[in-house]
Amino acid sequence: MAVFTAVTLDDLTQWIKQFPLGQALALDGIASGIENSNFFLTVERGEYVLTIFENLDFEQLPFYIGLMRHLAERGIPVPAPVANHDGELVVPLQGKPAVIVTKLAGSSQMDPQPVHCAEVGTMLARMHLAAQDFPLSQPNLRGLAWWSATAPVVLPYLAPDNARLLREEVAAQEAFAASDAYARLPRGPVHADLFRNNVMFVGEKLTGCFDFYFAGVDTWLFDLAVTVNDWCIDLASGKLDHARVEALLAAYRAVRPFTAEEIAAWQTTLRAAALRFWLSRLYDLHVPRAAEMLTPHDPTHFERILRDRLASPAPVLPL
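Okay, so let's go over this structure. (Residues numbered from 1 in each chain as written. Predicted model: local features only at pLDDT ≥ 70, side-chain atom pairs only at ≥ 80, totals over all residues. Heavy atoms only, no water.)

## Some words on helix H4 (residues 144-154)
Inference 1: When we look at burial in H4, the residues that qualify are Trp-146, Trp-147, Thr-150, Ala-151 and Val-154. Buried residues along H4 cover an arc of 130° about the axis, so they all sit on one side. Exposed side chains of H4 directed beyond 90 degrees from the buried face belong to Ala-145, Ala-149 and Pro-152.
Inference 2: The secondary structure elements touched by the buried residues of H4 are helix H5 (160-177), helix H7 (220-231) and helix H9 (260-286). (Buried < 20%, exposed > 50% of the residue type's maximum accessible area, 1.4 Å probe, protein only. Helix = DSSP H or I, 4+ residues; strand = E, 2+ residues; numbered from the N terminus. Arc of directions from axis to C-beta. Contact = heavy atoms within 4.5 Å.)

Shown next, in the form of structure tokens:
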């Protein structure tokens, strides 16, 4: 993620001794994303990732870190948090919460084909089922309540046509979330940010997914929609590639079949997933925060996706 908190190897000389990792040998900031300060950390025991949390506090973090450990223990390929000598997973660094996790093998697949999308669909369904018995609960902090609160903040910056689109879609999602149909959707802990750059591959084999710091309890369908809206689109237009959509959905369904309520809610949920990221990118653009290596994202990308989901129905969920 973007580096908001600067850290040097000298800063880690004493701090790293509380972990069973040996001496810190190299530290490199990761200049992507906008939420936390992330670094590749090389120690005598190998390569890891160090994260310093900029917005989450010590009380909020047990959900995210605990979920990662829970999934790793159940064979889901996610980074495993490293405990210090006292068994603590989250410890202070530069006055902020910090965690060290294992580094996944491979690299991000930024030009996915149907075979990659099928791997993602299988892994996502396995993750949803594996997290069902996770004992902690926390809402999706970038869900409907955040959309309703954030839309008025960004509306003054928008052209009339975009402002109308935003108001109408927030209202539509608020109405859907109040319905009995929405209440019947299966739910549990979800990743909520499973973009291409958060999944690793070696060739056509998925080797892991990471960045769980938007996770929360939400509908499984919302998590699937977020994933499809990134993995299965033409990036220039936002339009869905039906071959990739069908590969991802079929692979997911082979692990966890869809309910009738999910099939009926699919188109609306794809719009919800587009709205969530359009709003967050608008907010990050117009209400920016300082960062040493900040890389803001273009909000118009998800505006195009939302408009396309309104205009063109997506492939239906398979029975």
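Next comes the rest of the write-up.
## Points about the packing of aromatic side chains
Inference 1: Within the structure shown, the criterion is met by 13 aromatic pairs.
Inference 2: Measuring from centroid to centroid gives 4.7 Å for Phe-53 and Tyr-213, while their planes differ by 80°, and the two rings are edge-to-face. With a gap of 160 residues between them, Phe-53 in the loop between strand E3 (46-52) and helix H2 (61-73) and Tyr-213 in the loop between strand E8 (205-209) and strand E9 (216-219) connect regions that are remote in the sequence. Of the two residues, Phe-53 and Tyr-213, neither departs from the other in class, the shared state being buried.
Inference 3: Note on Phe-195 and Phe-302: the rings are 5.9 Å apart at their centroids and 40° apart in plane angle, and the pair reads as tilted. Highlighted residues: Phe-195 in the loop between strand E6 (187-190) and strand E7 (199-202) and Phe-302 in helix H10 (residues 300-311), separated in sequence by 107 residues. Summarising the burial analysis for this pair, Phe-195 and Phe-302 share the class buried.
Inference 4: Among the aromatic residues, those joined into a cluster by ring pairs are Phe-53, Phe-63, Tyr-64, Phe-134 and Tyr-213.
Inference 5: Over the ring of Phe-40 we find Lys-103; its NZ or CZ atom is 4.5 Å from the centre of that ring.
Inference 6: The lysine or arginine in question, Arg-276, covers the ring of Phe-214, its NZ or CZ lying 4.9 Å from the ring centre. (Phe/Tyr/Trp six-rings, centres within 6.5 Å; stacked < 30°, edge-to-face > 60°. Lys NZ or Arg CZ within 6 Å of the ring centre and 35° of its normal.)

## A short note on the sheet that holds E3
Inference 1: On the basis of which strands lie adjacent, the open sheet formed by five strands has the order E1-E2-E3-E5-E4 and antiparallel pairing. One side of each edge strand has no neighbouring strand; the edge strands of this open sheet are strand E1 (24-29) and strand E4 (91-93). Going across the sheet, the axis of each strand differs from the next one's by a mean of 35°, ignoring polarity.
Inference 2: Note that E4 and strand E5 (residues 96-102) share three bridges and pair antiparallel. Bridging across to E5, Leu-93 finds its partner in Lys-96. (Pairing = 2+ DSSP bridges. Axes fitted to C-alpha atoms, helices over the stretch in contact; angles between N-to-C directions.)

## Things to note about the packing of H4 against H9
Inference 1: In the contact formed by H4 and H9, the axes pass within 10 Å of each other and the chain directions differ by 45°. Taken as axis vectors, H4 and H9 run oblique relative to one another. Crossing handedness for the pair H4 and H9: left-handed. Two secondary-structure elements touch here, H4 through Trp-146, Trp-147, Thr-150, Ala-151, Val-153 and Val-154 and H9 through Ala-272, Leu-275, Arg-276, Leu-279, Ser-280, Leu-282 and Tyr-283. (Parallel < 35°, antiparallel > 145°, perpendicular 65-115°, else oblique. Left-handed = near helix turned anticlockwise from the far one by under 90°.)

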